[in-house]
Each structure stands twice: as C-alpha cells, then as structure tokens.
Amino acid sequence: MAKTLVFLEHHEGSIAKGSLGVLAKAAQIGGDVAAVLIGADVRGLAEGAGAFGAGTVWVADDASLAAPLPQPRVDVLAKLVADEGFDTVLFAQSVLAADVAAGLSARLDAGLNWGLVDFDGETGKAPQLQDTVVVDVGWSSPVKLGIFRAGALDAVESGGSAEVKDAAVELEDFSTQAEMVEQAHAEQQGPSIEDADVIVAGGRGLGEPEKFALAEELAQALGGAVAATRAVVDAGWYPYSAQVGQTGKTVSPKLYVALGISGAIQHKVGMQGSSVIVAINKDPNAPIFEFSDLGVVGDLHEIVPKLTELVRARKG
Amino acid sequence: MKIAVCVKAVPDAASGRHIDPSSKRLDRSGELTISEWDTYPVEEALKLKEASGSGEVVVVSMGPERAMDALRKALAMGADRAVLISDSALEGADLLGTAKALAGALEQEGADLVLFGQQSADGGGACLWAAVAERLRQPVVSQVSELTVDGSSLTGKRQTEYGYDTIRAPLPAVVAVADSINTPRYPSLKGIMGAKKKPQDARAAADVGGVEAPGTTVVSLSPPPARGEAQKIEDDGSGAEKIVEFLAEKRFV
C-alpha cells in the first residue's frame, strides 16, 4: 500500500490552502496518508490537517526551524521518509516548496516531477511549454516526489482526525548556514501584477482616468492587482509599472479581466498566457473577444459596479 | 573571487519550442540560445567581479556540443571561461542527472559563489539550484533580487508569496537570482570578437563524476485540452450575473 507524505506549508498560524489541496488529493487517491508540519510553534495546527485526510500528522516543532528556509526542512523530511518508509512525498508549488523538494530529490536520489495538475498514485499530468503540451510523467525511483501547480487542487475536507506524532529534528551543518536576517511583509495593497493570480486591466474604454477606480474596486474584490494598457499609460491615466504588453510587463495570471481593452497585438503578447480571460467591451468587433474565454459586449460602466458587488457578496 | 554561473542553452524562442514525439524530449535540433533568464546571473557575476576589481567568471552548462555557440554570448558579455558538459549519456537527464553533472563540474571549479537564473526558458522546474546546493553541501538562497557579497558572506533580498526575506549565508554558496536584479548588458562588438578566443572546455560525463540514472520518466504526450469554447454574449442587463456564474464555475469566486 502506498505510503504518502504531504508537506504542509504554513504562514502566520495557518496552513496554506494549496498544501491542504494536495493533502485532500492524496487522501482521495488512498493508501496510508500522512502530513508533516515543520516550523516553530506549529503543533497547534497539526490536528486541523486531519479533516483534510491525514491519518497522521508529523510535527517537527523547533526554534531552529522558525525561519521558512528550505535546507533544514530537507533534513527533517529525509529522516522521516527513511524512518517511516514513505514512498511518495507531495508538495504544493511555492518558492519554499520548490527548494525543499529539489533538495530532497538530490538527498534521496528520488525523482521529482513538477507542475502537476493531476496524479493517480503512479503517474501525473504536467502541462509544459506554456501549456502547449500535456506530459504524462512517471517515476523510476523508489521514492516519488511531486510538486503540484499552485491552485490546481481544491482543499476538500473529508472530516477525519489525525494522530499527531513528533518528527526528529537532526540538522546537517550546511543546512543551518543560511540565516533569515529579516522578513518584511509585502504591503497589503495586493500583489504586484507579475505575481498576481488575478489581474483586472483597464484600457481606453474606461473613458477617463478617474474610472480606473472601477478596475481597482473589482481587483480588490477578486483579490487581484490592477494593470493597464500602453494607451492609457501613455495618456498618463495610470503608472507605467502597471503596463502590460510588448513594451510593458508580460503576465500570466489565472484570471485576466480586461475592461475596455481592444486587444491590440501589443497588449495581447503581454497577457495571452493568462489561464482564463474575461473581456468586457462595447465594440462587438474588438479583437480581444477572439482570445477571451468569456466576452461580454456591453457598457462596462454599467456592468463592472454590479459585478464588483456580486463578487463581494459571493466572497463574503 | 571566483564565480561560476550555471546557464542553459535552449531552443531559440523565434524558431519555437516543442517536444519531439519520438524521443519525448524537447527538440534541440534547431538553433540554441542562452536562456533569457540566464543573462541576469551572468550580469550579476560580472558586476561583482568588476566591483571587487579581480576574480574570474566561469559559465558552466550541460547540453549538446552545439550549446557552446550559445555559451559564447556569456563570454561576449564578459565571462572569462566556459565549461560545457556534453555527453550522449546525459541526453534526457532529469533533475537528478543534471544536478549531479553540474555539481561535479562545480566541485572541480571550486567557486566561491555559484549563480543561477530564476528559471529555465523551457523546462521551468525552477529548482535546480537547490538540488545542486544539496550535492555541493552548500547553503542556497533563491529568487534573489538584491545581492551583496561582503568578504566571506552574502546577503540576498528576495520576494516570496508573503513578502520580502533578507537572508545571509557564508561563502561558498549557491544563489538563484530573479530577473529584477539587474539589466543585462549587451555584448560589445569587441566582446563578441574576443569571445571565440576565450577558453572553452568540453567535458564528458566521466570527467564530472559519471551519469546518474533518472528518477523520472515521460510516459506519454498529449495535446492540451482545447481552450473551452469561447463564449461571447451581449449584455442584456444580466452581464454581471453571467460573469459571476462563469467565475464561480472556474472557482475564482
């Protein structure tokens, strides 16, 4: 029977949703499913993971693990895998998880597949080359390591409870050499457009600079960032740092909402990698509709305020 | 200070990147170019060398023999030397094989600092540095957007999902840099002319510690699911509701 370990990332006293999604997926595949929490003062989070399908939650709770640095986590995981005989270790994509998984791969000579959107216990699905091809990937090593794409899985509760056990903390000399000097939280104004999962972009169709408030409010409701086209940046409506396109930034969020944007090629090349594109434009012939998943022909000044209200209501 | 920069020669974006269905590997038969992300660590290495007034910048890569042409761009920018690990036994190497070969070559170089770009332009695992650091048993800092090196240690500032980390580590160390760290220089005409004359060493797998069996396999390839039928609707007053329904279906709200 498969023995699966899921790495639970946590931040400020809660487990990352992405990690819980991976745990729920592991539980759905079946076998013996455990999770591991590594950090300082994290024991209190352990039991909660039971509801997402972990039979056992291993806890490495130590002051030396307080900073979210990868190498001490590799030490804890490597020992746990060896001691408990896990054959699969799964991660949700993050800056930390990628470094932990790759370090663990080299430590254990275990194959690592990344960018997974699905996994059945033996093979995984990983879209590659800007999603132009889907690769079914497998493993030839005794221990399988996999990183799931951010947001690929839902954190579904299955309502179980977990047994909490202590994992040994024995760190290598080289693993403790890097030290966290400072952690500063990003400003709470939302993500920058390059990192944002959701982008609401405004173009000339907004009509006047003040109307960017429509884009800002919708972005805030969706938890996203605001972007702009070259036309409106050139016109001085919005700062250059928010410009998406050939002469601005290239973005590939999960959701791109285009407000009053015609979809000129100069703009398209900066955002065509977005997973889902929604466009609102009053011109039924606007090129943006050719590469939008949902296009709405209409007056954005009517639609957007309503849309923002509805999104707020949904998100509670 | 000696700085090694790990770079990758990737198929030129203009000629397209695709997987060869017979080998199930990236088709590298066309023109190769240095991955756009790898010009940033080359630039950073050159700046560090210039600031210290001495030292050496070595670019290290693994790839087909033709990849040496792509490495010449780094030499034209100002790197001193190129090392290319090239061996048919390494074709199709995964993370484990690549990390082992690079770490083998890097051990021989004994650099004070090993730099990577933030991702490759084709594979996109964005984690090779951590596997190499593990093999070298050195500290690793990734996604660094500001780097200072001070005698025997480095300080890197980086952005994560939650904010900004400042991390310090002693040398030797492995650092992956983000593309926000600098603006890579263009090679000068003199640099381009001089690049061919700079030392360019080819190494076989046996020279850098042998071949490690891959831990991963490619089972099959399939086209991506078609982009869902694009819907275009006229707003009849219910446009906002329809958008929210669509967003809910896609799990954005």
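Predicted, not measured: the structure shown is a model, and the values here were computed from it.

A. The arrangement of the overall build of chain A in detail. Of regular secondary structure, chain A possesses eight helices and 18 strands. Dimensions of chain A along its principal axes, counting C-alpha atoms only, are 65 × 40 × 35 Å. When contacts within chain A are restricted to residue pairs at least 6 apart in sequence, those whose partners lie at least 24 apart make up 62%. Accessible surface computed for chain A: about 12900 Å², of which carbon and sulfur atoms make up 46%. Taking the average location of the 22 positive side-chain charges in chain A and that of its 42 negative ones, the two points are 7 Å from each other.

B. A look at the packing of helix H1 (residues 39-52) of chain B against helix H2 (residues 67-77) of chain B. All names here are of chain B. Remark: H1 packs on H2, axes separated minimally by 10 Å, with the N-to-C direction vectors making an angle of 30°. By the angle between their axes, H1 is roughly parallel relative to H2. Considering the relative orientation of H1 and H2, their crossing is right-handed. For the pair H1 and H2, the contacting residues are Thr39, Val42, Glu43 and Leu46 in the first and Lys73, Ala74 and Met77 in the second. Of the residues assigned to the contact of H1 with H2, the class counts are four nonpolar, one polar and two charged.

C. Looking closely at the state of the cysteines. Residue and element names in this part refer to chain B. This model, assessed by the stated rule, comprises zero disulfides over all chains. Free cysteine Cys6: the closest other cysteine sulfur is in Cys127, separated by 14 Å. Using a relative accessible area of 5% as the deciding quantity, one classes Cys6 as buried. In this structure Cys127 comes out as buried when scored by relative accessible area, which is 2%.

D. Representation of the sheet that holds strand S10 (residues 133-139) of chain A in the model. Spatially, the four strands line up as an open sheet ordered S8(A)-S9(A)-S10(A)-S14(B), and their pairing is antiparallel. With partners counted over all chains shown, the strands left at the sheet margins are strand S8 (118-119) of chain A together with strand S14 (216-222) of chain B, one partner each. As defined by bridge partners, S8(A) adjoins strand S9 (residues 124-128) of chain A across two bridges and the pair is classed as antiparallel. Following the sheet pairing, A:Phe119 is matched in S9(A) by A:Gly124.

E. Geometry of the side chain of B:Arg203. Residues and elements named next belong to chain B. By the element assignment, Arg203 lies in strand S13 (residues 200-203). Polar side-chain contacts of Arg203 include one of 3.1 Å to the side chain of Gln108. Discounting chain neighbours no more than four positions away, the residues touching Arg203 are Val83, Leu84, Ile85, Ser86, Gln108, Glu109 and Val208.

F. Just the interface of chain B and chain A, in detail. Listed as interface residues are 73 residues of chain B and, on the opposing side, 80 residues of chain A. Roughly 6400 Å² of surface becomes buried between chain B and chain A when both sides are summed, with 59% attributable to carbon and sulfur atoms. Our count for the chain B to chain A interface comes out at five salt bridges. Between the two partners, chain B and chain A, sit 26 residue pairs in polar contact (both at pLDDT 80 or more). The set of elements that each furnish at least two residues to the side of chain B that touches chain A consists of helix H3 (95-109), helix H4 (128-136), strand S9 (140-150), strand S10 (153-159), strand S11 (163-170), S14, strand S15 (231-234) and helix H6 (239-249) of chain B.

G. Geometry of the sheet that holds S15(B). Strand order in this open sheet of six strands is S15(A)-S14(A)-S16(A)-S17(A)-S18(A)-S15(B), and the pairing throughout is parallel. Because the sheet does not close on itself, it has two edges, and the strands there are strand S15 (225-228) of chain A together with S15 of chain B. The average undirected angle you get between the axes of adjacent strands in this sheet is 15°.

H. Examining the nonpolar core more closely. Judged by nonpolar contacts, the single largest core of 61 residues is most densely connected at A:Leu5, A:Leu77, A:Phe91, B:Leu106 and B:Phe116. When neighbours within four sequence positions are excluded, B:Leu106 is seen to be in contact with B:Ala4, B:Cys6, B:Val60, B:Ala111, B:Val114, B:Val132 and B:Leu136. By size, the runner-up hydrophobic cluster in this structure holds 41 residues, among which are A:Met180, B:Val7, B:Leu154 and B:Val177.

Procedures and definitions
Residues numbered from 1 in each chain as written. Chains lettered and ligands numbered in written order. Predicted model: local features only at pLDDT ≥ 70, side-chain atom pairs only at ≥ 80, totals over all residues. Heavy atoms only, no water. Helix = DSSP H or I, 4+ residues; strand = E, 2+ residues; numbered from the N terminus. Contact = heavy atoms within 4.5 Å. Areas by Shrake-Rupley, 256 points an atom, 1.4 Å probe, with all protein chains shown as cover. Lys, Arg positive; Asp, Glu negative; His and termini not counted. Charge placed at Lys NZ, Arg CZ, Asp CG, Glu CD. Axes fitted to C-alpha atoms, helices over the stretch in contact; angles between N-to-C directions. Parallel < 35°, antiparallel > 145°, perpendicular 65-115°, else oblique. Left-handed = near helix turned anticlockwise from the far one by under 90°. Nonpolar A, V, L, I, M, F, W, Y, C, P; charged D, E, K, R; others polar. Disulfide = S-S within 2.5 Å. Buried < 20%, exposed > 50% of the residue type's maximum accessible area, 1.4 Å probe, protein only. Pairing = 2+ DSSP bridges. Polar contact = N/O pair within 3.5 Å; in protein donor to acceptor, adjacent residues only side chain to side chain. Buried area = accessible area lost by both parts, 1.4 Å probe. Salt bridge = Lys/Arg side-chain N within 4 Å of Asp/Glu carboxyl O. Core = buried A, V, L, I, M, F, W, Y, C linked by side-chain atoms within 4.5 Å.

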